[in-house]
Amino acid sequence: RSRVILAIDEEEPRKYWNVLDAVGSSVKAVKLGWMAILSLGSDGVKSLINGHDDKYFIMDAKMADVNFINEKIARRMAGLGFDGIIMHGFIGPSNAPPSVMDVFVLISMTQGPTLYDASLERAMDYTKAIDRRGIVVPGNKPDIIRKAREQFPSDVIISPGIGAQGGSIGCAVKHGADFGIVGRSIYESSDPVESLKRLEREAAESQC
Ligand code: BMP
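Residues numbered from 1 in each chain as written. Predicted model: local features only at pLDDT ≥ 70, side-chain atom pairs only at ≥ 80, totals over all residues. Heavy atoms only, no water.

Let us look at the overall build of the protein chain. Scanning the protein chain from N- to C-terminus turns up nine helices and eight strands. Expected size for 208 residues packed as a compact globule is a radius of gyration near 17 Å; at 16 Å, the protein chain falls within 12% of this value. By principal-axis analysis of the C-alpha atoms, the protein chain measures approximately 40 × 40 × 25 Å. In the protein chain, the share of contacts with a sequence separation of at least 24, taken over all contacts with a separation of at least 6, comes to 63%. Counting every atom, the protein chain has about 9,600 Å² of accessible surface; 49% of that belongs to carbon and sulfur. (Helix = DSSP H or I, 4+ residues; strand = E, 2+ residues; numbered from the N terminus. Rg over C-alpha atoms; globule rule 2.2 N^0.38 Å. Contact = heavy atoms within 4.5 Å. Areas by Shrake-Rupley, 256 points an atom, 1.4 Å probe, with all protein chains shown as cover.)

Let us look at the nonpolar core. Among soluble globular proteins, nonpolar side chains are generally buried collectively. Membership of the largest hydrophobic core comes to 52 residues, with the highest contact counts inside it found for I8, L32, V45, F82 and I85. Here this core gets six residues from one element, more than from any other, and that element is helix α2 (residues 34-50). (Core = buried A, V, L, I, M, F, W, Y, C linked by side-chain atoms within 4.5 Å. Buried < 20%, exposed > 50% of the residue type's maximum accessible area, 1.4 Å probe, protein only.)

As a further point, take helix α3 (residues 67-80). Spanning 14 residues, α3 covers 20 Å between terminal C-alpha atoms, matching the ideal 20 Å at 1.5 Å per step. Residues of α3 that are buried include every one of N70, E71, A74, M77 and L80, and no others. Looking at the packing, one finds that the buried side of α3 touches α2, β3 (56-63) and β4 (84-88). Where α3 terminates, the next one or two residues include G81, which has phi positive at roughly 110°. (Expected span 1.5 Å × (residues − 1).)

Here α2 is 17 residues long, yet its end C-alpha atoms lie only 18 Å apart, well below the 24 Å a rise of 1.5 Å per residue gives. Where α2 bends most, the angle comes to about 100°, and this point is G41. The set of residues buried in α2 consists of A36, I37, S39, L40, G44, V45, L48 and I49. Buried residues along α2 sit in contact with α1 (13-23), β2 (29-32), β3 and α3. (Bend = angle between axes of the 7 residues up to and from the residue.)

Bear in mind that shape data such as this cannot, by itself, settle questions of function.
The following block contains the structure:
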(Lines give C-alpha, C1' and ligand atoms only; values in the text may rest on other atoms or scores of the structure.)
Protein backbone atom coordinates (compact mmCIF):
# COMPACT_ATOMS: atom_id res chain seq x y z
CA ARG A 1 0.00 0.00 0.00
CA SER A 2 1.01 3.59 -0.53
CA ARG A 3 2.77 5.26 2.39
CA VAL A 4 3.03 8.73 0.87
CA ILE A 5 0.64 11.62 1.33
CA LEU A 6 1.47 14.22 -1.29
CA ALA A 7 1.52 17.82 0.00
CA ILE A 8 1.22 20.61 -2.57
CA ASP A 9 1.90 24.20 -1.52
CA GLU A 10 2.40 25.98 -4.84
CA GLU A 11 1.71 29.53 -6.01
CA GLU A 12 0.66 28.69 -9.54
CA PRO A 13 -2.83 27.09 -9.91
CA ARG A 14 -1.84 25.02 -12.97
CA LYS A 15 0.92 23.29 -10.99
CA TYR A 16 -1.64 21.56 -8.74
CA TRP A 17 -3.17 19.91 -11.81
CA ASN A 18 0.21 19.19 -13.39
CA VAL A 19 1.59 17.43 -10.32
CA LEU A 20 -1.53 15.34 -9.85
CA ASP A 21 -1.52 14.45 -13.56
CA ALA A 22 2.12 13.43 -13.32
CA VAL A 23 1.72 11.12 -10.32
CA GLY A 24 -1.66 9.73 -11.41
CA SER A 25 -3.28 6.94 -9.43
CA SER A 26 -0.12 6.04 -7.51
CA VAL A 27 -0.94 8.84 -5.07
CA LYS A 28 -3.89 7.94 -2.88
CA ALA A 29 -3.94 10.92 -0.50
CA VAL A 30 -3.20 14.62 -0.91
CA LYS A 31 -2.72 17.33 1.68
CA LEU A 32 -3.61 20.86 0.65
CA GLY A 33 -3.44 23.95 2.82
CA TRP A 34 -3.87 27.67 2.81
CA MET A 35 -1.57 28.06 -0.21
CA ALA A 36 -3.99 25.96 -2.26
CA ILE A 37 -6.99 27.99 -1.11
CA LEU A 38 -5.15 31.25 -1.85
CA SER A 39 -3.75 30.15 -5.21
CA LEU A 40 -6.73 28.26 -6.62
CA GLY A 41 -9.55 29.95 -4.74
CA SER A 42 -12.19 27.83 -3.09
CA ASP A 43 -13.93 27.04 -6.39
CA GLY A 44 -10.61 26.00 -7.89
CA VAL A 45 -9.91 23.70 -4.94
CA LYS A 46 -13.37 22.21 -5.31
CA SER A 47 -12.85 21.38 -8.98
CA LEU A 48 -9.36 19.99 -8.28
CA ILE A 49 -10.85 17.64 -5.69
CA ASN A 50 -13.82 16.77 -7.93
CA GLY A 51 -11.43 15.99 -10.75
CA HIS A 52 -9.54 13.48 -8.58
CA ASP A 53 -12.24 11.52 -6.82
CA ASP A 54 -9.98 8.49 -6.41
CA LYS A 55 -7.97 10.35 -3.77
CA TYR A 56 -8.39 11.23 -0.11
CA PHE A 57 -7.95 14.97 0.45
CA ILE A 58 -6.83 16.49 3.74
CA MET A 59 -7.17 20.22 4.43
CA ASP A 60 -4.23 21.38 6.49
CA ALA A 61 -6.20 24.13 8.22
CA LYS A 62 -4.16 23.96 11.43
CA MET A 63 -7.31 25.12 13.09
CA ALA A 64 -7.13 26.51 16.59
CA ASP A 65 -10.24 28.60 17.09
CA VAL A 66 -13.30 28.25 19.28
CA ASN A 67 -15.69 25.40 18.55
CA PHE A 68 -18.36 27.14 16.59
CA ILE A 69 -15.85 28.73 14.21
CA ASN A 70 -13.97 25.43 13.76
CA GLU A 71 -17.26 23.76 12.93
CA LYS A 72 -18.21 26.44 10.38
CA ILE A 73 -14.83 26.25 8.67
CA ALA A 74 -14.91 22.45 8.63
CA ARG A 75 -18.38 22.48 7.04
CA ARG A 76 -17.14 24.76 4.28
CA MET A 77 -14.10 22.55 3.74
CA ALA A 78 -16.28 19.44 3.61
CA GLY A 79 -18.35 21.28 1.00
CA LEU A 80 -15.23 21.68 -1.13
CA GLY A 81 -14.78 17.91 -1.00
CA PHE A 82 -12.17 17.48 1.72
CA ASP A 83 -12.26 14.17 3.61
CA GLY A 84 -10.12 15.20 6.56
CA ILE A 85 -8.91 18.30 8.34
CA ILE A 86 -5.90 19.10 10.55
CA MET A 87 -6.33 21.02 13.79
CA HIS A 88 -3.87 22.08 16.46
CA GLY A 89 -3.72 19.92 19.56
CA PHE A 90 -2.99 22.71 22.02
CA ILE A 91 -6.57 23.93 22.06
CA GLY A 92 -7.30 20.86 24.09
CA PRO A 93 -10.22 18.71 25.10
CA SER A 94 -12.81 21.40 25.69
CA ASN A 95 -12.81 22.22 21.98
CA ALA A 96 -14.92 19.60 20.30
CA PRO A 97 -13.61 18.54 16.91
CA PRO A 98 -15.59 19.32 13.78
CA SER A 99 -18.24 16.67 13.24
CA VAL A 100 -18.27 16.67 9.45
CA MET A 101 -15.04 14.92 8.55
CA ASP A 102 -11.99 13.07 9.81
CA VAL A 103 -9.87 15.06 12.23
CA PHE A 104 -6.08 14.82 12.50
CA VAL A 105 -4.58 16.52 15.52
CA LEU A 106 -1.12 18.09 15.40
CA ILE A 107 0.89 17.27 18.52
CA SER A 108 4.41 18.43 17.62
CA MET A 109 6.03 20.29 14.73
CA THR A 110 8.93 19.68 12.38
CA GLN A 111 10.43 23.04 13.36
CA GLY A 112 11.04 24.06 16.84
CA PRO A 113 11.24 23.33 19.65
CA THR A 114 7.76 24.66 20.19
CA LEU A 115 5.62 24.66 23.30
CA TYR A 116 4.40 21.22 22.19
CA ASP A 117 7.85 19.79 22.86
CA ALA A 118 8.23 21.66 26.14
CA SER A 119 5.10 19.86 27.26
CA LEU A 120 4.77 16.82 25.03
CA GLU A 121 3.11 14.59 27.64
CA ARG A 122 0.48 17.24 28.25
CA ALA A 123 -0.03 17.79 24.51
CA MET A 124 -0.60 14.06 24.10
CA ASP A 125 -3.08 13.97 27.00
CA TYR A 126 -5.00 16.89 25.48
CA THR A 127 -5.04 15.15 22.14
CA LYS A 128 -6.32 11.87 23.59
CA ALA A 129 -9.44 13.69 24.70
CA ILE A 130 -10.21 14.85 21.16
CA ASP A 131 -12.32 12.60 18.96
CA ARG A 132 -10.01 12.00 16.01
CA ARG A 133 -8.90 9.74 13.20
CA GLY A 134 -5.24 10.34 13.70
CA ILE A 135 -2.36 12.58 14.68
CA VAL A 136 0.29 14.66 12.93
CA VAL A 137 3.79 14.01 14.27
CA PRO A 138 7.11 15.31 12.88
CA GLY A 139 8.71 12.91 10.41
CA ASN A 140 12.14 14.40 11.09
CA LYS A 141 11.95 13.58 14.84
CA PRO A 142 11.87 9.78 15.13
CA ASP A 143 11.93 9.77 18.94
CA ILE A 144 8.72 11.78 19.04
CA ILE A 145 7.12 9.41 16.51
CA ARG A 146 8.03 6.46 18.74
CA LYS A 147 6.58 8.12 21.85
CA ALA A 148 3.43 9.05 19.97
CA ARG A 149 2.99 5.50 18.65
CA GLU A 150 3.29 4.13 22.20
CA GLN A 151 0.62 6.53 23.43
CA PHE A 152 -1.64 6.28 20.34
CA PRO A 153 -1.56 2.64 19.31
CA SER A 154 -4.57 2.79 17.03
CA ASP A 155 -4.29 6.27 15.54
CA VAL A 156 -3.35 6.89 11.95
CA ILE A 157 0.01 8.67 12.33
CA ILE A 158 0.90 11.04 9.50
CA SER A 159 4.33 12.64 9.43
CA PRO A 160 5.55 15.69 7.50
CA GLY A 161 9.16 16.86 7.31
CA ILE A 162 10.28 14.10 4.95
CA GLY A 163 12.98 14.96 2.39
CA ALA A 164 13.25 18.74 2.13
CA GLN A 165 13.17 19.13 5.93
CA GLY A 166 15.60 16.30 6.55
CA GLY A 167 13.32 13.44 7.64
CA SER A 168 13.58 9.93 6.18
CA ILE A 169 10.33 8.15 5.38
CA GLY A 170 11.88 4.76 6.09
CA CYS A 171 12.91 5.92 9.55
CA ALA A 172 9.54 7.53 10.23
CA VAL A 173 7.73 4.30 9.31
CA LYS A 174 10.17 2.24 11.38
CA HIS A 175 9.34 4.39 14.42
CA GLY A 176 5.59 4.05 13.96
CA ALA A 177 4.35 6.45 11.28
CA ASP A 178 1.70 5.12 8.92
CA PHE A 179 2.25 7.75 6.24
CA GLY A 180 4.90 10.29 5.34
CA ILE A 181 3.65 13.67 4.13
CA VAL A 182 5.93 14.80 1.31
CA GLY A 183 5.79 18.07 -0.59
CA ARG A 184 8.80 19.67 -2.28
CA SER A 185 10.76 16.42 -2.67
CA ILE A 186 8.03 15.35 -5.08
CA TYR A 187 6.51 18.47 -6.61
CA GLU A 188 9.83 20.26 -7.14
CA SER A 189 11.54 17.13 -8.41
CA SER A 190 12.52 16.94 -12.08
CA ASP A 191 10.93 13.47 -12.07
CA PRO A 192 8.06 13.38 -9.54
CA VAL A 193 7.09 9.81 -10.42
CA GLU A 194 10.60 8.49 -9.82
CA SER A 195 10.83 10.46 -6.54
CA LEU A 196 7.54 9.00 -5.42
CA LYS A 197 8.65 5.46 -6.27
CA ARG A 198 11.87 5.94 -4.35
CA LEU A 199 9.97 7.17 -1.30
CA GLU A 200 7.59 4.19 -1.48
CA ARG A 201 10.57 1.83 -1.66
CA GLU A 202 12.22 3.48 1.35
CA ALA A 203 8.95 3.31 3.28
CA ALA A 204 8.59 -0.40 2.48
CA GLU A 205 12.17 -1.04 3.61
CA SER A 206 11.42 0.79 6.87
CA GLN A 207 15.05 1.51 7.77
CA CYS A 208 16.88 4.44 9.36
P1 BMP B 1 7.76 19.81 2.45
O2 BMP B 1 7.74 18.29 2.25
O3 BMP B 1 7.81 20.56 1.16
O4 BMP B 1 8.77 20.24 3.45
O5 BMP B 1 6.32 20.23 3.03
C6 BMP B 1 5.92 19.88 4.32
C7 BMP B 1 4.43 20.04 4.48
O8 BMP B 1 4.08 19.62 5.79
C9 BMP B 1 3.94 21.46 4.32
O10 BMP B 1 2.66 21.38 3.71
C11 BMP B 1 3.80 21.96 5.75
O12 BMP B 1 2.72 22.86 5.91
C13 BMP B 1 3.48 20.68 6.52
N14 BMP B 1 3.95 20.65 7.92
C15 BMP B 1 5.29 20.79 8.25
O16 BMP B 1 6.15 20.96 7.37
N17 BMP B 1 5.66 20.74 9.57
C18 BMP B 1 4.77 20.57 10.58
O19 BMP B 1 5.15 20.53 11.73
C20 BMP B 1 3.41 20.43 10.25
C21 BMP B 1 3.02 20.47 8.91
O22 BMP B 1 1.76 20.31 8.59
